[in-house]
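Spelled out, the chains give:
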2 protein chains.
Amino acid sequence: MPLAPSELRVLVEAYLDELALTPELGSLSEPMRHALGGKRVRPVLCLATGEALGARPEGLLPAAAAVELVHSFSLVHDDLPSLDDDRERRGAPSVWAQYGEATAILAGDALLAEAFRLALSYPTGAVARELVEATLGMIGGQWLDIRGEGARDELHRLKTGALFSASVGCALAAVEVPAAEQAPWRAFASELGLLFQIVDDILDGDGVVLDVGVDDARRQVDEVVERTHARLAAIDADTVVLRDIVDGLASRTA
Amino acid sequence: MPLAPSELRVLVEAYLDELALTPELGSLSEPMRHALGGKRVRPVLCLATGEALGARPEGLLPAAAAVELVHSFSLVHDDLPSLDDDRERRGAPSVWAQYGEATAILAGDALLAEAFRLALSYPTGAVARELVEATLGMIGGQWLDIRGEGARDELHRLKTGALFSASVGCALAAVEVPAAEQAPWRAFASELGLLFQIVDDILDGDGVVLDVGVDDARRQVDEVVERTHARLAAIDADTVVLRDIVDGLASRTA
């Protein structure tokens, strides 16, 4: 009996709560842990992908946490005054607003390095390779964004899509799914990233909503959900929990 | 006939000049390349270690470049106004002074991620593991430093020693030297990092010079050189080029 998304989330929270950070980081661990809030969408997706492939969630937790740490790293740096200048994150002060800029820069750096340390805990280097490609894509996306360059689709592909793909890709890598069998999984991940982004735009009233209006945006959600389900149906694995994740992301209200 | 340090440096420069950065980074590559100046002490040490182990320098270049990119990443972030607030680096504007803070933050992030990408180009994950441990140590050292905490020895071990060790350690990892045979190499790397730091203090007139005076600091250099030579002599490999590197670091004037 596979674990439901809410059960996977509990595993992620417990793992992150007890995650031993590198001792040399000392008290930098406090702002790092402050940064580690969130809905755990990506690590749950990673665990559910592993489950669908027959892997126990416990073995996927370092990969799932690595993805979440990369996500947190990017938020901590993006929130900085010289970038997006966000003082709040998830209803609390952002890391720089709480601890200062210098601390936020180092805490972000440390989150990224810890993510790679976790990804490198697997015998294969493939998990870390997956993560590094996504990280570089995200940084490229943020660079385009702060310069006001890049079409929206390209920005979304880099800023959101890359790490959604890596959430699935890190599970494929950890379970050592051969490259030739990964295409259907990656097609699913790509649609799911798009779904997440459109729903985000609807919740925030920006992006695609500004272009086509909220009603048309909701129709796009329905279409992407249909395509995402079709991608899942094409995968030869028990994808029932992943289907729950799709439906949960489509209907989320926060 | 092993290549001399100056010849190894030429290889490093050529490799870095032609290094293809991730295409998604786009024009962020310009400030990244601006950051990549320097004396190449660490990559040359990496190549010379590989040579001593019988490996061709060409095969070690990605590891050597990865170490240099981590070094550059740390300088780009450390120079930022909220950290060390350095407007100059090697006689030119630092990255933030030239391109702005946002660019420097992203360029530093991208240098770190590219470093891991290079380290992960080896079949073994051990090169990247070596690098991530050193990176976490360096970040911990910078954290202690900006808070005015940590004894000088501890700061040097983390801020300088960790990446010197990794310069040797990445070569050991790339050549797949068994862990049980690495201790003499690591003992050498540790002394070499100390040597580099004391000479740095003498050239800058700070650190150990403020404690014991320049004459005593020079005596310490002589003692560390002697110990470093002894460590090399204990290694069962052709370490003649590494000996040249030791002597070059001891007598450097910049």
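Fair warning: this is a prediction, and the values are worked out from it, not measured in the lab.

Quick word on the overall build of chain A
Piece 1. A count of helices and strands for chain A gives 12 helices and two strands.
Piece 2. The helix and strand sequence of chain A, counted from the amino end, reads α-α-α-α-β-β-α-α-α-α-α-α-α-α.
Piece 3. Relative to the globule expectation of 18 Å for 254 residues, the C-alpha radius of gyration of chain A, 18 Å, shows essentially globular dimensions.
Piece 4. With respect to the three principal axes, the spread of C-alpha positions in chain A is 45 × 45 × 30 Å.
Piece 5. Across the 254 residues in chain A, those meeting the buried criterion constitute 54%.
Piece 6. The contacts in chain A between residues at least 6 apart in sequence include a share of 69% that link residues at least 24 apart.

Concerning the confidence of the model for chain A
Piece 1. With 100% of its residues at a pLDDT of 70 or more, chain A shows a mean pLDDT of 96.
Piece 2. Complex prediction metrics read pTM 0.97 and ipTM 0.96.

Considerations on the interface of chain A and chain B
Piece 1. Listed as interface residues are 36 residues of chain A and, on the opposing side, 36 residues of chain B.
Piece 2. The greatest single-element share of the side of chain A that touches chain B, amounting to 12 residues, is contributed by helix 7 (residues 126-146) of chain A.
Piece 3. The residue inventory of the side of chain A that touches chain B, partitioned by class, reads 20 nonpolar, 10 polar and six charged.

A few points about the relation of the copies chain A and chain B
Piece 1. In the superposition of chain A on chain B (RMSD 0.0 Å, axial shift 0.0 Å), the rotation amounts to 180°. What the superposition gives is, in effect, a two-fold axis relating one chain to the other. For chain A, the residue whose C-alpha comes nearest the rotation axis is Gly125(A), separated from it by 2.4 Å.
Piece 2. The share of interface residues of chain A whose copies in chain B are also at the interface is 100%, consistent with both copies meeting through the same surface.

Comments concerning the packing of helix 7 of chain A against helix 6 (residues 101-119) of chain B
Between two packed helices, the angle of one axis relative to the other and the distance separating the axes together describe the packing.
Piece 1. Packing of helix 7 of chain A against helix 6 of chain B brings their axes to within 9 Å, and their N-to-C directions diverge by 160°. It follows from the interaxial angle that helix 7 of chain A and helix 6 of chain B lie roughly antiparallel. Note on packing geometry: the crossing formed by helix 7 of chain A with helix 6 of chain B is left-handed. Residues Ala128(A), Val132(A), Thr135(A), Leu136(A), Ile139(A), Gln142(A), Trp143(A) and Ile146(A) of helix 7 of chain A form the contact with helix 6 of chain B, whose participating residues are Ala102(B), Leu106(B), Asp109(B), Ala110(B), Ala113(B), Glu114(B), Phe116(B) and Arg117(B).
Piece 2. Grouping the constituent residues of the contact of helix 7 of chain A with helix 6 of chain B by class yields 11 nonpolar, two polar and three charged.

Here's the deal with helix 1 (residues 5-18) of chain A
Residues and elements named next belong to chain A.
Piece 1. With 14 residues, helix 1 should reach 20 Å at 1.5 Å per residue; the first-to-last C-alpha distance of 20 Å fits that figure.
Piece 2. Within helix 1, the full set of buried residues consists of Pro5, Leu8, Val12, Tyr15 and Leu16. The arc that holds the buried residues of helix 1, viewed along the axis, is 95°, so those residues lie on one side. Residues Ser6, Ala14, Asp17 and Glu18 are exposed on helix 1 and point more than 90 degrees away from its buried face.
Piece 3. Turning to helix 1, the residues buried within the fold contact helix 3 (41-52), helix 4 (57-78) and helix 12 (240-251).

Thoughts on the environment of Glu101(B)
Residue and element names in this part refer to chain B.
Piece 1. With respect to the helices, strands and loops of the structure, Glu101 is situated in helix 6.
Piece 2. The exposure class assigned to Glu101 is partly exposed, which follows from the 19 C-beta atoms found within 10 Å.
Piece 3. Spatially, the C-alpha atom of Glu101 lies 9.9 Å from that of Val76, the residues being 25 residues apart in sequence.

Observations concerning unusual backbone geometry
All names here are of chain A.
Piece 1. The backbone phi angle of Asp85 is positive, close to 55°, even though this residue is not glycine.
Piece 2. When you line up the elements, Asp85 lands in the loop between helix 4 and strand 1 (88-89).
Piece 3. Assessed through the 13 C-beta atoms surrounding it within 10 Å, Asp85 is described here as partly exposed.

Comments concerning the packing of helix 8 (residues 152-174) of chain B against helix 9 (residues 183-204) of chain B
Residues and elements named next belong to chain B.
Piece 1. Viewed as axis vectors pointing N to C, helix 8 and helix 9 meet at an angle of 140°, and their least axial separation amounts to 8 Å. As far as their axial angle goes, helix 9 and helix 8 are oblique. The hand of the helix 8/helix 9 crossing is right-handed. Contacts between helix 8 and helix 9 involve His156, Thr160, Gly161, Phe164, Ser165, Val168, Gly169 and Leu172 from the former and Trp185, Arg186, Phe188, Ala189, Ser190, Leu192, Gly193, Leu194, Phe196 and Gln197 from the latter.
Piece 2. When its residues are assigned to classes, the contact of helix 8 with helix 9 shows nine nonpolar, eight polar and one charged.

Brief notes about the environment of Glu176(B)
Residue and element names in this part refer to chain B.
Piece 1. Tracing the sequence through the fold places Glu176 in the loop between helix 8 and helix 9.
Piece 2. Residue Glu176 is classed as partly exposed on the basis of its 13 C-beta neighbours within 10 Å.
Piece 3. Residues Glu176 and Val224 lie 48 residues apart in sequence; the distance between their C-alpha atoms is 28 Å.

Thresholds, definitions, all that
Residues numbered from 1 in each chain as written. Chains lettered and ligands numbered in written order. Predicted model: local features only at pLDDT ≥ 70, side-chain atom pairs only at ≥ 80, totals over all residues. Helix = DSSP H or I, 4+ residues; strand = E, 2+ residues; numbered from the N terminus. Rg over C-alpha atoms; globule rule 2.2 N^0.38 Å. Buried ≥ 20, exposed ≤ 12 C-beta atoms within 10 Å, placed from the backbone. Contact = placed C-beta atoms within 7 Å. pLDDT = per-residue confidence, 0-100. Nonpolar A, V, L, I, M, F, W, Y, C, P; charged D, E, K, R; others polar. Least-squares fit on C-alpha atoms with pLDDT ≥ 70 in both. Axes fitted to C-alpha atoms, helices over the stretch in contact; angles between N-to-C directions. Parallel < 35°, antiparallel > 145°, perpendicular 65-115°, else oblique. Left-handed = near helix turned anticlockwise from the far one by under 90°. Expected span 1.5 Å × (residues − 1). Arc of directions from axis to C-beta.

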